[in-house]
Amino acid sequence: MTRASGTTYYWGTRILPPEQRRDVHAVYALCRMADDIVDAPGATEPAKLAATEHALRGLQERFEQALDGGSAGTILDAVAHTVRSRRIGPACFDRFFAAMAADLTVREYRSYEELSGYMDGSAAVIGEMMLPILQPTSDRAFGPARDLGLAFQLTNFIRDFAEDARLGRTYLPTEELRRFDVPPGIRSVTPQWRAFAAFQIERNRALYASADAGLAYLPARSADCVLTARRLYSRILDRIEGAGYDVFTARVRVPTGAKIALSADSVIRRWMTQRRRQSPIGPADRADPTHLA
């Protein structure tokens, strides 16, 4: 599921040891299952809304059943095993499902403050879920983990602006759209859109920079995993700029070849660092992981 639906995350997780990789895949799978329910074609149309709400509530109930020790199907049993073994706070999932439910009724967010409230449950909380799997060495990793979740989702909102509009949703703050004189239903690039998108990208990069501070509090392989995913995802912003801020003509993507190359680069750098540490000349200081950003 991770490979098919979230290739950026997939290539980042290839760096982790198998047991951590499985746990990341399990958490991702639950999030993907919920997202697929709320984003299904016509899911929020009046004739289908009750069925969508029922499906989302049913997923949450089956997950909670699995957490309580009952069997709820292979994927949810795996998620529950990860939550218990990694001691991920169950309240994280309450916030996550509440955010998914909001997608069924909330069509827009007036301010960035309002949007941040939604992203707490849809994005920042994902960082909180993943952190126990990555085994941080300090509580100082908590804030940066949340910021990375926020950064990933804000990148999605910028890239998917046109696609979300077709679903009847406007995530980027409507107050800011008005400030830049951009209509919510815009369908092509204008000077006003370029200025608006540049403003959002600047905010997005500040979140990535804040998230980078957490790399120092992760073990080497976890830091490599996170940094690879961060490098891959933030590259979407570069490609949006390179396309003249055109997110309307086609979905902006990072080519698979580039993802493989960046992942391989992280593995090679880690191997070289380990070799330097094992050198008879003397142990080398651990390289600052942010040098790859």
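Residues numbered from 1 in each chain as written. Predicted model: local features only at pLDDT ≥ 70, side-chain atom pairs only at ≥ 80, totals over all residues. Heavy atoms only, no water.

Looking now at the packing of aromatic side chains. Following the criterion strictly, the structure yields 14 aromatic pairs and no others. Arranged with centres 4.9 Å apart and planes meeting at 50°, the rings of Phe-161 and Trp-193 form a pair that is tilted. One end of the pair, Phe-161, is in helix H9 (residues 161–166); the other, Trp-193, is in helix H11 (residues 191–212), with 32 residues separating them in the sequence. Neither residue differs from the other here; Phe-161 and Trp-193 are each classed as buried. Through a chain of ring-to-ring contacts, three or more aromatic side chains come together here, namely Phe-161, Phe-180, Trp-193, Phe-196, Phe-199 and Phe-248. The ring of Phe-199 has Arg-179 sitting right over it, with the charged end atom 5.6 Å from the ring centre. (Phe/Tyr/Trp six-rings, centres within 6.5 Å; stacked < 30°, edge-to-face > 60°. Helix = DSSP H or I, 4+ residues; strand = E, 2+ residues; numbered from the N terminus. Buried < 20%, exposed > 50% of the residue type's maximum accessible area, 1.4 Å probe, protein only. Lys NZ or Arg CZ within 6 Å of the ring centre and 35° of its normal.)

Here Asp-181, not a glycine, exhibits a phi torsion of approximately 60°, which is positive. Unlike most non-glycine residues, Tyr-245 shows phi in positive territory, near 65°. Residue placement: Tyr-245 occurs in the loop between helix H12 (220–242) and helix H13 (256–277). A residue is classified by how much of its surface remains accessible, and Tyr-245, at 17% relative accessible area, is buried.

Let's shift gears to the nonpolar core. Counting residues in hydrophobic clusters, the biggest one holds 81 residues, and the most contacted among them are Phe-63, Tyr-118 and Trp-193. Sort the elements by how many residues they give to this core and helix H7 (residues 112–134) lands first, with 11 residues. (Core = buried A, V, L, I, M, F, W, Y, C linked by side-chain atoms within 4.5 Å.)

Applying the stated rule across the entire model yields 1 cavity of 30 Å³ or more. Along its surface, the largest cavity is lined by Phe-157, Phe-161, Asp-164, Ala-165, Arg-169, Thr-170, Tyr-171 and Leu-172. With 3 residues, the top contributor of residues to the lining of the largest cavity is H9. (1 Å grid on protein atoms, 1.4 Å probe; cavity = no way out; pocket = protein on both sides within 12 Å on 5 of 7 lines; lining within 4 Å. Points joined across faces, edges and corners; volume = space filled by probe spheres on them.)

For the protein chain, mean pLDDT is 88; residues scoring 70 or higher make up 86% of the total. Confidence drops under a pLDDT of 50 for residues 281–293, and excluding neighbours within four residues, the segment shows 25 contacts in the predicted structure. (pLDDT = per-residue confidence, 0-100. Contact = heavy atoms within 4.5 Å.)

Another aspect to go through is the pattern of salt bridges. In total, this model carries 17 salt bridges according to the counting rule given. We note a salt bridge from Asp-120 to Arg-95, for which the minimum N-O separation is 3.1 Å. Note that Asp-120 is positioned in helix H7 and Arg-95 in helix H6 (residues 91–102), a separation of 25 residues in sequence. The shortest N-O distance in the salt bridge between Glu-241 and Arg-205 comes to 2.9 Å. Highlighted residues: Glu-241 in helix H12 and Arg-205 in helix H11, separated in sequence by 36 residues. Relative accessible area serves as the criterion here: at 32%, Arg-205 is assigned to the partly exposed category. Linked by salt bridges that have partners in common, Arg-95, Asp-120, Glu-128 and Arg-146 make up one network. (Salt bridge = Lys/Arg side-chain N within 4 Å of Asp/Glu carboxyl O.)

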